[in-house]
Amino acid sequence: MLKNLCQKMFGRSLWVYHANSGGCNGCDIEVLNVLTPYYDVERFGIKLVGSPRHADVMLCQGPAMRSTAQALRRAYEAMPAPKLVFAIGSCACGGGIWFDSYPVIGPVEKVIPVNFYIPGCPPRPEAIIYGVAVALGLVDKKTAPVEFKQVELPIPQYHPSDLREGGKFVVYEKLEKV
Amino acid sequence: MSLMSKLKETAICLGAGRVTLPYPAETRPVPDQFRGRPIFDATRCIGCAGCANNCPAREILVFDVCQEVRILKYLGRRCTYCGRCADVCPEKAIKMSQEFENATPQIGDLHQGLELFMSTCQRCGRCFKGPSILEALKMKGYRFDDLENDRWIFRSNGYMKDPVADDIHIELD
């Protein structure tokens, strides 16, 4: 559904605005690497703009900090209506490894709604392009949650209440059930 | 001079050819040392929770539901792929894969959950560790409940020929 909406709303070139709200600059460098001729995202019509008022997509790096949360919120509200937010890096996705320190509020989704998550510390330029391609509907996402349950070993549960004296031997009552 | 430098630059640019990688259509292999998303192998996990103790982002959570079931959850939101969990794992149940294409619209897609069966000692009720391969080799042919062999192994005094410290008095039979 989101993919169809994206294709309808963002059928043409995406202009991205690049907002760092307190990251370590690693993800910024990877985002700029995406714009270089080696990973040329202008193939998809993606262009970096300097103002959120011109932008369709906001690329968030860094956690939501106490000092920059207001500015991030204002930058988000300044973007025109069909807008996407990409959280790039593990800080923006989940708060980073200093998630519990006093200036960090948490992931950016505590301040602004996030549409796509690109985890990694920092994510490879290919991973960022993959996120953009997932958003544009060019490729399908690969990750899915994994749940695994170990098979319970058939060990009988010995308990003193199940044991009773049977003449010479101690008989275990529930042994046949196992 | 200026024109010559421009021409030289043009020649360099033309000589470089096409460098752009047409990424989603064509991929390039990642370096060998690259660490991607950790993959948990539930068949090898013994549930020691060393990964949860060592995770700097506190992204591996352990819940003891009851005495015999331990739930281990990897959330993966703020995982920095540092590989400490794979380093500390004694059974090599965590493998740092080379997956990096993890972009997703739902953050819950990165979760991995293991429900582990913890076998407990039937007398004391606590968890025990199975014998390692080395211990199994040492114990080959002998069993602890075989009293004669037990006595033969653990009370041998062959190493007591020249005692190091005189104040240690060991009863020899």
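Up top you'll find the structure we're talking about.
What this report covers is the structure whose coordinates are included nearby.

## What to know about the overall build of chain A
Line of reasoning, step 1. Summing up its helical and strand segments, chain A has 5 helices and 10 strands in all.
Line of reasoning, step 2. Scored against the burial criterion, the 178 residues of chain A give a buried share of 39%.
Line of reasoning, step 3. Counting contacts in chain A only where the partners sit at least 6 residues apart, residues at least 24 apart contribute 76% of the total.

## Quick look at the packing of helix H2 (residues 26-34) of chain A against helix H5 (residues 125-136) of chain A
Residues and elements named next belong to chain A.
Line of reasoning, step 1. The interhelical angle for the contact between H2 and H5, taken along N-to-C directions, is 70°, at an axis separation of 9 Å. Taken together, the axes of H2 and H5 lie roughly perpendicular to each other. Packed against H2, whose contacting residues are Glu30, Val31, Asn33 and Val34, the element H5 presents Pro125, Ile128 and Ile129 at the interface.
Line of reasoning, step 2. Residue classes in the contact of H2 with H5 are distributed as 5 nonpolar, 1 polar and 1 charged.

## Describing the nonpolar core
Residues and elements named next belong to chain A.
Line of reasoning, step 1. By size, the foremost hydrophobic cluster in this structure holds 45 residues, and its most contacted members are Cys60, Phe86, Ala87 and Ile88.
Line of reasoning, step 2. If one sorts the elements of this core by residue count, H5 sits on top with 8 residues.
Line of reasoning, step 3. Leave out the neighbours within four places in its chain, and Ala87 touches Cys60, Ala92, Cys93, Pro107, Val108, Glu109, Val114, Tyr117 and Ile118.

## Digging into the pairing of strand E3 (residues 57-61) of chain A
Consecutive residues of a regular strand have side chains that alternate between opposite faces of the sheet.
Residues and elements named next belong to chain A.
Line of reasoning, step 1. Summarising burial for E3: 5 of the 5 residues are buried, a large majority.
Line of reasoning, step 2. The alternating pattern of E3 places Val57, Leu59 and Gln61 and Met58 and Cys60 on opposite faces, both of which are buried.
Line of reasoning, step 3. Of the pairings in the sheet, the one linking strand E1 (residues 15-20) to E3 comprises 5 bridges and is parallel in character. Directly across from Val16, in E3, lies its bridge partner Val57.

## Topic: the interface of chain A and chain B
Line of reasoning, step 1. On the chain B side, the residues contacting the 44 residues of chain A number 33 residues.
Line of reasoning, step 2. Of all the elements in the fold, those that place two or more residues in the side of chain A that touches chain B are helix H4 (89-94), strand E7 (116-118), H5 and strand E8 (146-149) of chain A.
Line of reasoning, step 3. Sorting elements by how many residues they give to the side of chain A that touches chain B places H5 of chain A first, with 7 residues.
Line of reasoning, step 4. Residue composition of the side of chain A that touches chain B, grouped by class: 27 nonpolar, 9 polar and 8 charged.
Line of reasoning, step 5. Bridge analysis of E8 of chain A against strand E5 (residues 112-117) of chain B gives 4 bridges, and the strand direction is parallel. For Val146 of chain A, the partnering residue across the bridge sits in E5 of chain B and is Gln112 of chain B.

## Here's the deal with unusual backbone geometry
Line of reasoning, step 1. Of the consecutive residues Cys121 of chain A and Pro122 of chain A, the connecting peptide bond is found in the cis state with omega at -10°.
Line of reasoning, step 2. Inspection of the secondary structure puts Pro122 of chain A in the loop between E7 and H5.
Line of reasoning, step 3. In this structure, Arg58 of chain B takes a positive phi of about 55° despite not being glycine.
Line of reasoning, step 4. Along the chain, the position of Arg58 of chain B falls in the loop between helix H2 (50-54) and strand E2 (60-64).
Line of reasoning, step 5. For Arg58 of chain B, a count of 13 C-beta atoms within 10 Å puts it in the partly exposed group.
Line of reasoning, step 6. At Lys92 of chain B, a position not held by glycine, the phi torsion is positive, near 55°.
Line of reasoning, step 7. With respect to the element layout, Lys92 of chain B can be found in the loop between helix H3 (84-88) and strand E4 (94-96).

## Considerations on the pairing of E2 of chain B
All names here are of chain B.
Line of reasoning, step 1. Bridge count between E2 and strand E3 (residues 69-74): 5 bridges; the pairing is antiparallel. Looking at E3, one finds that Ile60 is bridged to Tyr74.
Line of reasoning, step 2. Between E2 and E3, which pair antiparallel in sequence order, lie 4 residues.

## Considerations on the sheet that holds E8 of chain A
Hydrogen bonds between backbone atoms are what pair the strands of a sheet, whose relative direction is either parallel or antiparallel.
Line of reasoning, step 1. Taken in spatial order, the 4 strands make up an open sheet running E8(A)-E5(B)-E3(B)-E2(B), and their pairing is mixed. Taken across any chain shown, the strands that pair with only one partner, and hence form the sheet edges, are E8 of chain A together with E2 of chain B. Averaged over all pairs of adjacent strands, the angle between strand axes in this sheet comes to 15°, irrespective of strand direction.

## A closer look at the sheet that holds E7 of chain A
Residues and elements named next belong to chain A.
Line of reasoning, step 1. Ordered by their spatial adjacency, 5 strands build an open sheet running E2-E1-E3-E5-E7, and the pairing between neighbours is parallel. Of all the strands in the sheet, just strand E2 (47-49) and E7 have a single pairing partner and so form its edges. Taken pair by pair, the neighbouring strands of this sheet meet at an average axis angle of 30°, ignoring direction.
Line of reasoning, step 2. Here E1 pairs with E2 via 3 bridges, running parallel. Bridging from a neighbouring strand, Trp15 pairs with Lys47 of E2.
Line of reasoning, step 3. In the packing of H5 onto the sheet, the strands contacted are strand E5 (84-88) and E7, and the crossing angle to E7 comes to about 160°.

## Brief notes about H5 of chain A
Residue and element names in this part refer to chain A.
Line of reasoning, step 1. Here H5 is 12 residues long and its end C-alpha atoms lie 17 Å apart, about the 16 Å a rise of 1.5 Å per residue gives.
Line of reasoning, step 2. Counting buried positions along H5 yields 11 of 12 residues, so the element is predominantly enclosed.
Line of reasoning, step 3. Of the positions making up H5, those classed as buried are Pro125, Glu126, Ala127, Ile128, Ile129, Tyr130, Gly131, Val132, Ala133, Val134 and Ala135.
Line of reasoning, step 4. Count one or two residues on from H5 and you reach Gly137, which has phi positive near 85°.

Calculation criteria
- All residue numbers refer to positions counted from 1 along the written sequence of the respective chain.
- Key to labels: chains lettered from A, ligands numbered from 1, both in the order written.
- For this predicted model, a pLDDT threshold of at least 70 governs which residues receive local features, and a threshold of 80 or more governs which side-chain atom pairs are given and counted, while totals over whole chains, interfaces and linings are taken from all residues.
- In DSSP terms, a helix is any run of H or I states spanning at least four residues, a strand is any run of E spanning at least two, and both are numbered starting from the N terminus.
- Exposure in this text rests on C-beta crowding, where 20 or more other C-beta atoms within 10 Å of a residue's own make it buried, 12 or fewer make it exposed, and counts in between make it partly exposed. The C-beta atoms are placed from the backbone.
- The contact criterion used is a C-beta to C-beta distance within 7 Å, with each C-beta placed from the backbone.
- The convention used is that axes are lines fitted to C-alpha atoms, helices contributing only their stretch in contact, and that angles between N-to-C directions extend from 0 to 180 degrees.
- By definition in this entry, angles of less than 35 degrees are roughly parallel, angles greater than 145 are roughly antiparallel, angles of 65 to 115 are roughly perpendicular, and the rest are oblique.
- Just so you know the grouping, Ala, Val, Leu, Ile, Met, Phe, Trp, Tyr, Cys and Pro go in nonpolar, Asp, Glu, Lys and Arg go in charged, and all remaining residues, Gly too, go in polar.
- In these notes, a nonpolar core means any group of buried Ala, Val, Leu, Ile, Met, Phe, Trp, Tyr and Cys residues linked to one another through C-beta atoms within 7 Å.
- One bridge is not enough; two strands pair if DSSP finds at least two bridges between them.
- Given the number of residues in a helix, its expected span is that number minus one, multiplied by 1.5 Å.

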